[in-house]
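Structural overview
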Amino acid sequence: MRESQDNFQGWMTEPTRLSAGAEKTQKKENVTIQLMKHEKEVDVPSDELVSASTAADQKEQATLEIKDCVHRGTGRPVKRDMIKSLVTDQDASRNCELYLPVSSNCSAMVSSEDSEEDMYRDAEEIEREKMLLCEKSSSECNKLSVAPEIDVMEYCRKEWRGNTPVAKRMKKGYEAVAQKFASIRRVRGDNYCALRATLFQALSQATQLPSWLQSEDFAALPENLLSKYDWIKQWQLKEKPGRKMGEISDEIKEYLMLLRTKWKNISEIKDPTEKQEACDKVFKNEQEEYSLYEALKFLMLNTAIKLYNDDKNGRRVPVFSWLLFARDTSSNPCQLMHNHLNHIGHSGGLEQVEMFLLAYALQYTIQVYRLYKYSTDEFITLYPSDPEEDWPVVTLITEDDRHYNIPVRMCQETIL
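Only a predicted model underlies this, so the values are computations on that prediction, with no experimental measurement involved. (Residues numbered from 1 in each chain as written. Predicted model: local features only at pLDDT ≥ 70, side-chain atom pairs only at ≥ 80, totals over all residues. Heavy atoms only, no water.)

**Quick notes on the overall build of the protein**
Helix and strand counts for the protein stand at 18 helices and 6 strands. Within the protein, the proportion of its 416 residues that are buried is 50%. A sequence separation of at least 24 residues applies to 75% of the contacts in the protein between residues at least 6 apart. A total of about 21,200 Å² of accessible surface is found on the protein, and carbon and sulfur atoms cover 48% of it. (Helix = DSSP H or I, 4+ residues; strand = E, 2+ residues; numbered from the N terminus. Buried < 20%, exposed > 50% of the residue type's maximum accessible area, 1.4 Å probe, protein only. Contact = heavy atoms within 4.5 Å. Areas by Shrake-Rupley, 256 points an atom, 1.4 Å probe, with all protein chains shown as cover.)

**Overview of the pairing of strand β6 (residues 404-410)**
Of all 7 residues making up β6, 5 are buried, and the element is well covered by its neighbours. Pairing of strand β2 (residues 181-185) with β6, which is carried by 4 bridges, proceeds in the antiparallel orientation. The residue of β6 that forms the bridge with Arg185 is Ile406. In the sheet, strand β5 (residues 393-398) pairs with β6 via 2 bridges, with the strands oriented antiparallel. Within β6, the position partnered with Ile397 by the bridge is Asn405. (Pairing = 2+ DSSP bridges.)

**Digging into the nonpolar core**
Ranked by size, the top nonpolar core spans 72 residues in total, and within it Leu259 and Trp263 carry the most contacts. The element best represented in this core is helix α15 (residues 286-312), accounting for 12 residues. Discounting residues that sit within four places of it in the chain, Leu259 has contacts with Leu199, Trp212, Leu213, Leu292, Ala295, Leu296 and Leu299. Core analysis: the second largest hydrophobic core is formed by 16 residues, Val152, Val177, Phe379 and Ile397 among them. (Core = buried A, V, L, I, M, F, W, Y, C linked by side-chain atoms within 4.5 Å.)

**Looking at helix α18 (residues 352-362)**
Summarising burial for α18: 9 of the 11 residues are buried, a large majority. Turning to α18, its buried residues are Val353, Glu354, Met355, Phe356, Leu357, Leu358, Ala359, Ala361 and Leu362. The positive-phi residue at the C-terminal boundary of α18 is Gln363, with phi of around 55°.

**As for the packing of α15 against α18**
Look at α15 against α18: their axes get within 9 Å of each other, and the N-to-C directions meet at 95°. Considered as vectors, α15 and α18 are oriented roughly perpendicular to each other. Mapping the contact onto sequence places Leu296, Leu299, Met300, Thr303, Ala304 and Leu307 in α15 and Glu354, Leu357, Leu358, Tyr360, Ala361 and Leu362 in α18. Its residues placed into classes, the contact of α15 with α18 shows 10 nonpolar, 1 polar and 1 charged. (Axes fitted to C-alpha atoms, helices over the stretch in contact; angles between N-to-C directions. Parallel < 35°, antiparallel > 145°, perpendicular 65-115°, else oblique. Nonpolar A, V, L, I, M, F, W, Y, C, P; charged D, E, K, R; others polar.)

**Looking at unusual backbone geometry**
Backbone torsion omega between Tyr383 and Pro384 reads 0°, so that peptide bond is classified as cis. Note on placement: Pro384 falls in the loop between β4 (380-383) and β5. With a phi angle near 75°, Ser375 is a residue other than glycine that sits in the positive phi range. For Ser375, the location among the structural elements is in the loop between β3 (365-370) and β4. Given the relative accessible area of 59%, Ser375 is considered exposed. Despite not being glycine, Asp401 shows a phi value in the positive range, around 65°. By the secondary structure assignment, Asp401 is in the loop between β5 and β6.

**A word on helix α9 (residues 165-178)**
With 14 residues, α9 should cover 20 Å at 1.5 Å per step; its first-to-last C-alpha distance of 20 Å lies within 8% of that length. Among all positions in α9, only Ala167, Met170, Gly173, Tyr174, Ala176 and Val177 are buried. Contacts made by the buried residues of α9 are with α8 (152-159), β2, β3 and β5. (Expected span 1.5 Å × (residues − 1).)

**What to know about the packing of aromatic side chains**
All chains considered together, the criterion is met by 18 aromatic pairs. Aromatic side chains Trp212 and Phe218 sit 6.2 Å apart centroid to centroid with 55° between the ring planes, which places their arrangement in the tilted category. Both rings, one in Tyr290 and one in Tyr293, keep their centres 5.6 Å apart while their planes meet at 85°; by these two values the pair is edge-to-face. A residue pair is termed a helical-turn pair when its members lie 3 or 4 positions apart in one helix, as Tyr290 and Tyr293 do in helix α15 at 3 residues. Among the aromatic side chains, those forming a connected cluster through ring pairs are Phe320, Phe356, Tyr360, Tyr383 and Trp391. (Phe/Tyr/Trp six-rings, centres within 6.5 Å; stacked < 30°, edge-to-face > 60°.)

Structure representation (structure tokens):
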């Protein structure tokens, strides 16, 4: 096991560095291009990326070594929007770095401006340009990662204009969704979309704090687990590789407390409009948003450990638990963390069996309209398939089991 842990430490990535041009005009153009590139990467729908992937894959395989960017052990390919963010040098491409915050872009570009003395502008002009650059980047950071709602069928017409068999099936699927929901909200596709969509729905519908969030042991969860399982110290916090055991415990505790606070505050809001505004605000704050996802991932690990131990001790466990640990890449919780949970949001999203794990971790039923399964028994899938009666229900939409969007404004009550 120790050897396995050592091997995984080498998978961490370093932030991509941005180069500065030698000429003044070239520097300005580079700054503009970087900002435009980031804006496109954040907002490009996953559907457009998928439709463009056939021709682009062949070209990028030679320069980016996509084979090395496949999810270790599972064979899950890096998504198209993430591949675009990679630099072209061989070492960086092997690292498979998937996300570069705008704040990093801002600081990198400002530092590049500082690295060379500008002989043609005074200090005030240079400082004003820096401030404008950072303000523009900050506004990008505050963009809502769940887009405003749009009519379901209007969204369908924009996304699926052809008459291919696939397009016809998708249209039929959206028509079925429109019978229950009036609108849809597109979710940013950055390998966190399943966590983002589920948490957004849970918070926007929250009327009380779940019992597991009220537990006295909730705050001590990271410390308790780390005291029992030394391998958890290799948990990969977003863009914070090489953390010490104590630091990881404190940081995850902070994330869990943030989740409890946000959930409590939003659940206490009675007015629907105010509740939605408060929920939207959470998903405009990039730092808080990704901290919440780390909390969810850690709760998934905690649930997996419980299920694994229950099964080993002869207790009854749900069927998905057998499937979860039947995979070669996750035969135990340690492998699950190394090969799957650590990669969520980086080089891959949630697989189907991990959607069950998320549902059990939150004690929510996740109902998903799987549009490509229209006219089959799997068109509406429940995670778990035999939900507890008292678990709240959140509803998502997917076209491919990889990217998830959110249906809103229910037309009539959904009966499970």
